[in-house]
Amino acid sequence: MAQEREAEEAPIHGDVLEAIFSHVPLIHLAPASHVSKAWNRAVSSSLTHVRPIKPWLMVLTQSTRASHVTTLHAYDPRSHVWLQIQHEPSINNKRHASAVRSSHSTLLYTLSPGEFAFSDGKLNLAWHHVPPPRVWRTDPIVARVGQRVVVAGGACEFEDDPLAVEMYDTESSAWVTCQSMPALLKGSTASTWLSVAVVGDAMHVTEKNSGLTYSFDPIARKWKGPFDLRPDQSVYCCITGTLGKRLVVAGLVGEAENMKGVKLWVVKGELGSGMEELGEMPKEMLEKVKSGSELGSVEMTWVGDFVYVRNTSEPEEMVVCEVVDGGLCEWRNVRNAAVNDGTRMVLCGGDVCMEDVQKAMTSEKWRFCMKQL
């Protein structure tokens, strides 16, 4: 009996505990790290050496009838689990509800004549509410580059300059006017026709149909280009994004009425220096995003080393590619637990660390719960 009691009371040490924690979702590791110093060390070591934290995919749904009603979900690719995040409304109120939009995969925002609001990028839980830009826009490009948020194009027809560019500096809390978008983009300044990617201190804007690309420097407030990012003539739509810290082009191959493939190319060095094919979506997964694949129905969300591909007309399932070891593409299907009839859906990425999760879980404003498919 004494031996059995000792065995029951014996603690779990070292590699065994780290291996166990590698299978535990992050929201459960947060309280586990407070059990004891030994558990805290094991959690930290497991996240560092066994199964590191990966950026979350954030999915916000907004009621089409009452736009102030929103629901936030998160997909944790480290543990392959969906979470519903219950939160106090901080985006809209009933009197001034605006449509939430996503831009270049790392930012949620709303724009109205009275206000511009954007998420902070940390789980997209906190929002900044500032005065709107001077030029009224209906479908602009919006991207955060460091401490600056760039708002370009998308201006109404009655505006003097449909290519106007303004930039909000989060440190000075002021809007500044920048060089207008290049004239060659005049016919396609709406975000529907353009793809935006941020790499380092530059914002790259690509016309999806042609691959024509310009680069914007927010410090100099000027544009460079054009550059040709169309990988080859078989690509009819180019969607740019970032994987890790690299600029990547996703090319839809074939024709808008008959998509034959989805390939990824990484841009080598400076723009215009060349491209290298990274991988291709398996044919069996292509069928999941192929239906109704005219321009605009296939969307991509770039999060860390992941790119999520979905067909907006069939949102129940997504295809995700993770780039591992710097260049190996691993493809899989992911069910979308955030789908809800009667809502519109916007996706973006969220960098996550243990401190962010612990802070959110201890706040009275937020509640995390696992969601079963």
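Visitor: Go over the pairing of strand β20 (residues 298-303) with me, naming the residues and quoting the values.
Guide: Two faces, one strand: in a regular strand the side chains alternate between the faces of the sheet. Across the 6 residues of β20, 5 count as buried, placing the element largely inside the fold. Both β20 and strand β21 (residues 306-311) contribute to a ladder of 6 bridges, which runs antiparallel. Bridge assignment links Val298 to a residue of β21, and that residue is Asn311. Counting the residues that bridge the hairpin from β20 to β21 gives 2 residues, and of these Gly304 lies at a positive phi of roughly 60°.

Visitor: Requested: an account of the pattern of salt bridges, with residues and values cited.
Guide: All chains considered together, the criterion is met by 8 salt bridges. As a salt-bridge pair, Glu322 and Lys54 come within 3.0 Å of each other at their nearest N and O atoms. Pair noted here: Glu322 is in strand β22 (residues 314-324) and Lys54 is in the loop between α4 (37-50) and β1 (56-63), with a separation of 268 residues, a long-range link. Lys54 sits in the partly exposed class, given a relative accessible area of 23%. Taking the shortest distance from any N to any O, the salt bridge between Glu317 and Arg335 comes out at 3.7 Å. Here Glu317 is found in strand β22, whereas its partner Arg335 is found in strand β23 (residues 328-335), with 18 residues between them in sequence. By relative accessible area, Arg335 is classed as partly exposed at 45%. One salt-bridge network, held together by shared partners, links Lys54, Glu322 and Arg332.

Visitor: Talk me through the nonpolar core; I want residue IDs and the actual numbers.
Guide: One broad rule of soluble globular proteins: the nonpolar side chains tend to lie buried together. Counting 31 residues, the largest nonpolar core has Leu26, Trp56 and Phe368 as the members making the most contacts within it. By residue number, the principal contributor to this core is helix α3 (residues 26-32), which donates 5 residues. Counting 26 residues, the second largest nonpolar core, distinct from the first, contains Ala250, Val266, Met285 and Val319.

Visitor: I'd like to hear about the sheet that holds β1, residue by residue, with values.
Guide: Spatial strand order, β24-β1-β2-β3-β25: 5 strands in an open sheet with antiparallel pairing. Each edge of the sheet is formed by a strand with only one pairing partner; in this case those strands are β24 (343-350) and β25 (366-371). Each strand axis lies, on average, 25° off the axis of its neighbour in the sheet, ignoring direction. Sheet topology places β1 next to strand β2 (residues 70-76); 6 bridges connect them, and they run antiparallel. Across the sheet, the residue bridging to Met58 is Ala74, located in β2.

Visitor: Got a sec to walk through the sheet that holds β22? Specific residues and values, please.
Guide: Pairing within the open sheet is antiparallel, and its 4 strands lie in the order β20-β21-β22-β23. Here the strands that pair on one side only, and so sit at the sheet edges, are β20 and β23. Strand-to-strand twist of the sheet, defined as the mean angle between neighbouring strand axes without regard to direction, takes the value 20°.

Visitor: Report on the side chain of Arg137, specifying residues and quantitative values.
Guide: Position of Arg137 relative to the elements: it lies in the loop between β7 (127-130) and β8 (141-145). There is a polar contact of 2.7 Å between the side chain of Arg137 and the backbone oxygen of Ala164. Excluding anything up to four places from it in sequence, Arg137 contacts Leu111, Val151, Ala152, Gly153, Gly154, Ala155, Ala164, Val165 and Glu166.

Visitor: Any chance you could break down the state of the cysteines for me, citing the residues and the numbers?
Guide: Under the defined criterion, the tally for this structure stands at 0 disulfides. With no disulfide partner, Cys321 has as its closest neighbouring cysteine sulfur the one in Cys329, 3.8 Å distant. Given the relative accessible area of 0%, Cys321 is considered buried.

Visitor: Before we move on, could you go through unusual backbone geometry and cite the residues and values that matter?
Guide: Residues other than glycine predominantly adopt negative phi, and peptide bonds predominantly adopt the trans conformation. Note the cis peptide between Gly225 and Pro226, where omega equals 15°. Note on placement: Pro226 falls in strand β15 (residues 222-228). Phi at Ser173 is positive, roughly 55°, even though this residue is not glycine. Relative to the assigned elements, Ser173 resides in the loop between β10 (165-169) and β11 (174-178). Positive phi, close to 65°, is recorded for Arg221, a residue that is not glycine. Structurally, the position occupied by Arg221 is in the loop between β14 (212-217) and β15.

Visitor: Residues and numbers for the packing of aromatic side chains, please.
Guide: What the rule picks out here adds up to 10 aromatic pairs. Judged by centre distance (6.2 Å) and plane angle (20°), the ring pair of Phe306 and Tyr308 falls under stacked. Across the pair, exposure class does not vary: Phe306 and Tyr308 are buried alike.

Visitor: Outline the pairing of strand β12 (residues 194-199), supporting the account with residue identities and numerical values.
Guide: Summarising burial for β12: 5 of the 6 residues are buried, a large majority. Bridging between β12 and strand β13 (residues 202-207) involves 6 bridges; their strand directions are antiparallel. Paired with Val198 across the bridge in β13 is Met203.

Rules used in this analysis
- Residues numbered from 1 in each chain as written.
- Predicted model: local features only at pLDDT ≥ 70, side-chain atom pairs only at ≥ 80, totals over all residues.
- Heavy atoms only, no water.
- Buried < 20%, exposed > 50% of the residue type's maximum accessible area, 1.4 Å probe, protein only.
- Helix = DSSP H or I, 4+ residues; strand = E, 2+ residues; numbered from the N terminus.
- Pairing = 2+ DSSP bridges.
- Salt bridge = Lys/Arg side-chain N within 4 Å of Asp/Glu carboxyl O.
- Core = buried A, V, L, I, M, F, W, Y, C linked by side-chain atoms within 4.5 Å.
- Axes fitted to C-alpha atoms, helices over the stretch in contact; angles between N-to-C directions.
- Polar contact = N/O pair within 3.5 Å; in protein donor to acceptor, adjacent residues only side chain to side chain.
- Contact = heavy atoms within 4.5 Å.
- Disulfide = S-S within 2.5 Å.
- Phe/Tyr/Trp six-rings, centres within 6.5 Å; stacked < 30°, edge-to-face > 60°.

Fair warning: the whole summary comes from geometry, so function is off the table for now.
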